[in-house]
Amino acid sequence: MTTIETKIKKAIKTSKLNPEILGERKWYSYFIRTTELIWSRNLHNGYLIEVYNKKYGNHLGSIII
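Let me sum up the structure you'll find in this document. (Residues numbered from 1 in each chain as written. Predicted model: local features only at pLDDT ≥ 70, side-chain atom pairs only at ≥ 80, totals over all residues. Heavy atoms only, no water.)

1. Some thoughts on the packing of aromatic side chains
Turning to step 1, where the next piece is worked out: For the structure shown, the criterion picks out two aromatic pairs.
Turning to step 2, where the next piece is worked out: Ring geometry for tryptophan 27 and tyrosine 28: centres 5.0 Å apart, planes at 80°, overall edge-to-face.
Turning to step 3, where the next piece is worked out: Seen from their ring centres, tryptophan 27 and tyrosine 30 are 6.3 Å apart, and the 25° between their planes marks the pair as stacked. Side by side, tryptophan 27 and tyrosine 30 carry an identical accessibility label, which is buried.
Turning to step 4, where the next piece is worked out: These aromatic residues form a ring-pair network of at least three members: Trp27, Tyr28 and Tyr30. (Phe/Tyr/Trp six-rings, centres within 6.5 Å; stacked < 30°, edge-to-face > 60°. Buried < 20%, exposed > 50% of the residue type's maximum accessible area, 1.4 Å probe, protein only.)

In structure tokens form, the structure reads like this:
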């Protein structure tokens, strides 16, 4: 597990990040995009959180919760 995944999962556990808020937004020094996953389309219920570097827009990781 990468450090970004660890940060995101810890933030969700401590209620500093709410995955139910969908869309794109800034989060600390990152830019995140949250998408809802529906079983009939993705075979997994939950949320997909994509993390990007705020300065350059590089994709840093994707987390499925």
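There's more to say after this.
2. Examining the nonpolar core
Soluble globular proteins: nonpolar side chains tend toward being buried together.
Turning to step 1, where the next piece is worked out: Core analysis: the largest hydrophobic core is formed by 10 residues, namely Ile4, Ile8, Ala11, Leu17, Trp27, Tyr30, Ile32, Ile49, Val51 and Ile63.
Turning to step 2, where the next piece is worked out: For this core, the elements supplying multiple residues, two or more each, are α1 (3-13), β2 (30-37) and β3 (46-53).
Turning to step 3, where the next piece is worked out: For this core, the leading source of residues is α1, giving three residues.
Turning to step 4, where the next piece is worked out: Setting aside residues no more than four positions away along its own chain, valine 51 makes contact with Ile4, Ile8, Tyr30, Phe31, Ile32, Asn58, His59, Leu60, Gly61 and Ile63. (Core = buried A, V, L, I, M, F, W, Y, C linked by side-chain atoms within 4.5 Å. Helix = DSSP H or I, 4+ residues; strand = E, 2+ residues; numbered from the N terminus. Contact = heavy atoms within 4.5 Å.)

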